[in-house]
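Examining the three-dimensional arrangement
So you can see what is in the structure, the chains are spelled out below.
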Amino acid sequence: MAGLRGLTIAAVTVTAVLTCAYLLGSSSAPAERADPGPTPAPAPDPTRSGPDPDLMPPPARSTAAPSSPAGVPDPDRSAARLPAYAPLAPDRSGPHGTRRTSGSAAVALTFDDGPHPVHTQQTLDVLRQFGVKATFCLVGRNVVAYPELVRAIAADGHTLCNHSWSHDFDLGSYPTAAIRTDLIRTSEAIRAAAPGHPVSYYRQPGGFWTPAVVEVARELGMTSIHWTIDPADYFQPGAGSITATVTAQAVPGSIVLLHDAGGNRTGTVLALRSILPNLRQRLLVDALPPMAEPADQRSRRLHLRTGQL
């Protein structure tokens, strides 16, 4: 009987324990029909600072124009400063569409590589003496060195032309962005020296033209000009040789390549004293128009002004 009583007590005890465990488990489990209420926010992670980037919306796009790195022209801003006129149409007779004629009956004298502190002023004096206007193709670094001469050229009514920043023969083979930077830098230097005077022409150093440099010049509002007559005055052949070549070859529409810098140009200055009276007796001599205009319009303008064609 004692053993039976012990088993009975043990069975009752086990049953009681199991019953209590079941009741405790039921009370801690979530009731499916009960309203769970709002889910509490998770505790902040102490390893993060600031908002969770995975949960942040993408940033709004700014409408402000980005600033350019120091010293690098912004193409969009530079474009806003471009002249309002269009370059002349490409000329099939010139390298890669460059122009080899003035587009009118006028003979156009062009002077490259300046300004020069001595020879540019001498050239200006002779041109003024004979009442002739010409076109000056300016090198950017010389423009910065002698801005007063650029102002003198413009004040005398001559036409301004971009001749690159440092007279680099290889400029046309560089990437388009590098060509554009060079030409913009040069034109802006010229305009800074002679405000209000357009720079509507470009000439490639050495005549080493490429389609890329012609296209960039055109995008920047400049007509690329080559030449018809080259007396090779850069080799300093003497005033007599320079004079003989120019006077023998000049015809209506010729563009003459001369230099007022890049070396000793005493021979060129002396030659002008013979070239100018000779040409003026036979032909019309004038600068390329400071703002590019169609050839027919320019011919009519020159005809009305001079009575010559």
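Residues numbered from 1 in each chain as written. Predicted model: local features only at pLDDT ≥ 70, side-chain atom pairs only at ≥ 80, totals over all residues. Heavy atoms only, no water.

**Some details on the overall build of the protein**
What the protein contains, in helices and strands, is 10 helices and six strands. For the protein, buried positions account for 40% of its 309 residues. (Helix = DSSP H or I, 4+ residues; strand = E, 2+ residues; numbered from the N terminus. Buried < 20%, exposed > 50% of the residue type's maximum accessible area, 1.4 Å probe, protein only.)

**Brief notes about unusual backbone geometry**
As a rule of thumb, non-glycine residues mostly have phi less than zero, and peptide bonds are mostly trans rather than cis. At the junction of G114 and P115, the peptide bond is cis and its omega measures out at 0° in the coordinates. Among the secondary structure elements, P115 is positioned in the loop between β1 (108–114) and α3 (119–130). With a phi angle near 55°, Q236 is a residue other than glycine that sits in the positive phi range. One can find Q236 in the loop between β5 (223–224) and α8 (239–249).

**Things to note about the nonpolar core**
L109, L183 and L279 are the most contacted members of the largest nonpolar core, which has 48 residues in total. Ignoring any residue separated from it by four or fewer positions in sequence, one finds L183 in contact with N162, L171, Y202, V216, A217, L220 and M222. Counting nine residues, the second-largest nonpolar core is a separate cluster that includes A108, Y201, L257 and L288. (Core = buried A, V, L, I, M, F, W, Y, C linked by side-chain atoms within 4.5 Å. Contact = heavy atoms within 4.5 Å.)

**Considering the packing of helix α6 (residues 176–193) against helix α7 (residues 211–219)**
Viewed as axis vectors pointing N to C, α6 and α7 meet at an angle of 50°, and their least axial separation amounts to 10 Å. On the basis of their axis angle, the class for α6 and α7 is oblique. In the packing of α6 onto α7, the handedness of the crossing is right-handed. In contact with T176, I179, R180 and L183 of α6, α7 contributes A212, V213, V216, A217 and E219. For the contact of α6 with α7, a count of residues per class yields six nonpolar, one polar and two charged. (Axes fitted to C-alpha atoms, helices over the stretch in contact; angles between N-to-C directions. Parallel < 35°, antiparallel > 145°, perpendicular 65-115°, else oblique. Left-handed = near helix turned anticlockwise from the far one by under 90°. Nonpolar A, V, L, I, M, F, W, Y, C, P; charged D, E, K, R; others polar.)

**Details of the pattern of salt bridges**
Applying the stated criterion across every chain, the model contains four salt bridges. When the shortest N-O distance is used, the salt bridge between D156 and R128 registers 2.6 Å. Placement of D156 in the loop between α5 (147–155) and β3 (159–162) and of R128 in helix α3 is noted, with a sequence separation of 28 residues between them. D156 sits in the buried class, given a relative accessible area of 18%. Of the charged contacts, one joins R180 and E219 as a salt bridge, the two residues approaching to 2.8 Å between their closest N and O atoms. Of the two residues, R180 is situated in helix α6 and E219 in helix α7; the sequence distance between them amounts to 39 residues. (Salt bridge = Lys/Arg side-chain N within 4 Å of Asp/Glu carboxyl O.)

**A short note on the sheet that holds β5**
Strands sit in the order β5-β4-β3-β2-β1-β6 across an open sheet of six strands; the sheet is parallel. A strand with exactly one partner marks an edge of an open sheet, and here the two such strands are β5 and β6 (255–259). One ladder, built from four bridges, connects strand β2 (residues 135–138) with β3; its direction is parallel. By the bridge assignment for β3, C137 is matched with C161. Seen against the sheet, helix α9 (residues 266–282) touches β1 and β6 and runs at an angle of roughly 165° to β1. (Pairing = 2+ DSSP bridges.)

**Let's talk about α7**
Every buried residue of α7 is accounted for by V213, V214, V216 and A217. An end-on view of α7 places all buried positions within 165° of arc, on one side of the element. Residues of α7 that are buried make contact with α6, β4 (199–202) and β5. Where α7 ends, the next residue or the one after it, G221, has phi of about 85°, a positive value. (Arc of directions from axis to C-beta.)

**With respect to the side chain of T210**
Relative to the elements of secondary structure, T210 occurs in the loop between β4 and α7. Among the polar contacts made by the side chain of T210, one reaches the main-chain carbonyl oxygen of G172 at a distance of 2.8 Å. (Polar contact = N/O pair within 3.5 Å; in protein donor to acceptor, adjacent residues only side chain to side chain.)

**Here's the deal with the pairing of β4**
As defined by bridge partners, β3 adjoins β4 across three bridges and the pair is classed as parallel. Bridging across to β4, N162 finds its partner in Y202. One crossover worth recording links β3 to the parallel β4 by way of α6, and it is right-handed. Between β4 and its parallel partner β5, the chain crosses via α7, and the hand of that crossover is right-handed. (Right-handed = clockwise from strand over helix to strand, strands pointing away.)

**Section: the packing of aromatic side chains**
Enumeration over the complete set of coordinates arrives at four aromatic pairs. Centroid distance F169 to F208: 5.2 Å. Interplanar angle 50°. Geometry classified as tilted. Remark: F208 occurs in the loop between β4 and α7 and F169 occurs in the loop between β3 and α6; sequence separation between them is 39 residues. Exposure remark for F169: the relative accessible area of 42% places this residue in the partly exposed category. Positioned over the ring face of W165 is R185, at 3.8 Å from the centre of the ring. (Phe/Tyr/Trp six-rings, centres within 6.5 Å; stacked < 30°, edge-to-face > 60°. Lys NZ or Arg CZ within 6 Å of the ring centre and 35° of its normal.)

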